[in-house]
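Listed below are the residues making up each chain.
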Amino acid sequence: MTLKKWAFFIFSLVQIVWLAGCSEKSFDPIERERNFIASLNIQEPSLDFIDEQGNVIATWSFEKAYSGALLLGDDRVLLYGHQLDKIDVYTLSTGKKLYSKKVKIGTTNVYYAKNVNQFFITNSKTNTVTSFDEEGNELASQQLGNYPMSMASYKDQLYVVNYKDTKLSVLAIQDLSVKQEWPIEKSSHGIAIVEETNELWIGGHGEGSKPNSSVKRYDLTTGAVQGVIEMPLMPVGLTKTEDNVLVVSHGHNELYVTDFDGNVKWQQEVGANPFVVNQFNDYIVVAGYDDHTLYFIKKGQIQKTVDVGKGAFQLLVREEKL
């Protein structure tokens, strides 16, 4: 090959690489100081970012079938899908992809532990949980029960509910070694840690002809059942706030607000098939999966509603804590 042809070849190769990099889709940036609640919608995958006034400030529409998302710190969002073989991490302030990481198909959930700056991926095909640092480097992996999914952490331990099994796995965050296994009901789903009473609360769908209608309270140290809170059908969305535990039951479209001892303060029928609840600013926000609507609730009353994409399934909150 002559020098001229070689130079042309190198120039063409550089152009191809540059064009490939430029073709990566980017999205509207979200300012670092801007508070938001984001709705991940999974029927037509998208992420709607909404401010305190209920205005949609940006919508990221996806070509991939993402089934879940979470915030990694304050300026990154991780997206994953049960049928996808990669996770994607985007920088919010630029709207650009930061990195992708190859994973095995079967991701059921991803959980971020802020105190150790690590995220954890559960997989229903391999029945494992795997830990990663924020840059996507794999740290450790552990075999678990059947279909691990719901996760929570407290201090140096990770708690994993095995959805199609009858046990909860308690792992050391550092190396994912199994420390305990607690007996739980099959099809358990939804988890919250109430450190004020040293308890872990678990909801669930129930199985077959026996749908679940309660949240069970377990001692955070021993796994002993401390109590049962009667709830509407299928309480699967649990969120702990500074003052309450919020529970949504998608079988009866109900929100229950309890104190840390399990006493129901008030309840509200809300949404169509809600799976998730969170707190944003002074509002409790419930996502209606079938009506594609977010409900902003204050003092037991719906204050406003926001239309979002189809299949509102998860809520991500970023706000500056005073």
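This report concerns the structure included in the present document. What you are looking at is a predicted structure, and each value in this text was computed from that prediction instead of being measured. (Residues numbered from 1 in each chain as written. Predicted model: local features only at pLDDT ≥ 70, side-chain atom pairs only at ≥ 80, totals over all residues. Heavy atoms only, no water.)

Along the chain, Ser 124 turns up in the loop between β9 (118-123) and β10 (128-133). Among the polar contacts listed, one links the side chain of Ser 124 to the side chain of His 82, at a separation of 2.8 Å. Discounting residues that sit within four places of it in the chain, Ser 124 has contacts with His 82, Gly 106, Thr 108 and Tyr 147. (Helix = DSSP H or I, 4+ residues; strand = E, 2+ residues; numbered from the N terminus. Polar contact = N/O pair within 3.5 Å; in protein donor to acceptor, adjacent residues only side chain to side chain. Contact = heavy atoms within 4.5 Å.)

Each aromatic ring pair is summarised here by two numbers: the centre-to-centre distance and the angle between the ring planes. Under the counting rule described, the total for this entry stands at 15 aromatic pairs. One aromatic cluster is present, built from ring pairs that chain together Phe 27, Phe 36, Phe 49, Trp 60, Phe 62, Tyr 66 and Tyr 90. Above the plane of the ring of Tyr 283 lies Lys 298, whose end atom (NZ or CZ) is 4.5 Å from the centre. When the ring centre of Phe 296 is taken as reference, the NZ or CZ atom of Lys 304 above it lies at 5.5 Å. (Phe/Tyr/Trp six-rings, centres within 6.5 Å; stacked < 30°, edge-to-face > 60°. Lys NZ or Arg CZ within 6 Å of the ring centre and 35° of its normal.)

So, on to the side chain of Ser 214. Relative to the assigned elements, Ser 214 resides in strand β20 (residues 214-219). Since its relative accessible area comes to 7%, Ser 214 is described here as buried. Within the structure, the side chain of Ser 214 is placed 2.9 Å from the side chain of Lys 216, a separation counted as a polar contact. Apart from residues no more than four positions distant in its own chain, Ser 214 is found in contact with Ile 202, Gly 203, Val 228, Ile 229, Glu 230, Met 231 and Pro 235. (Buried < 20%, exposed > 50% of the residue type's maximum accessible area, 1.4 Å probe, protein only.)

Moving on, we get to unusual backbone geometry. Positive phi, close to 60 degrees, is recorded for Asn 281, a residue that is not glycine. Mapped onto the secondary structure, Asn 281 falls in the loop between β26 (274-280) and β27 (283-288). A relative accessible area of 34% means that Asn 281 is categorised as partly exposed. The phi angle at His 292 is positive, at roughly 55 degrees, despite the residue not being glycine. You can see His 292 is positioned in the loop between β27 and β28 (293-298).

This brings us to the sheet that holds strand β6 (residues 86-91). Here four strands make up an open sheet; going across it, the order is β4-β5-β6-β7 and the pairing antiparallel. Looking at the sheet topology across the chains shown, the edges are occupied by β4 (68-71) and β7 (96-102). Put simply, the sheet's adjacent strands are angled 20 degrees from each other on average, direction ignored. Sheet analysis places β6 next to β7, joined by six bridges and oriented antiparallel. Its bridge partner lying in β7, Ile 87 is registered against Lys 101. (Pairing = 2+ DSSP bridges. Axes fitted to C-alpha atoms, helices over the stretch in contact; angles between N-to-C directions.)

This part is about the nonpolar core. The biggest cluster of nonpolar side chains holds 19 residues, and the ones touching the most others in it are Leu 47, Phe 49, Trp 60, Phe 62, Val 77 and Leu 92. Elements that contribute at least two residues to this core include exactly β1 (36-41), β2 (46-50), β3 (56-61), β4 and β5 (76-80). Considering every element that reaches this core, the biggest residue donor is β1, with three residues. Once residues within four sequence positions are removed from consideration, Phe 62 is found in contact with Phe 27, Leu 40, Pro 45, Ser 46, Leu 47 and Leu 79. (Core = buried A, V, L, I, M, F, W, Y, C linked by side-chain atoms within 4.5 Å.)

None of this, on its own, says anything about what the molecule does.
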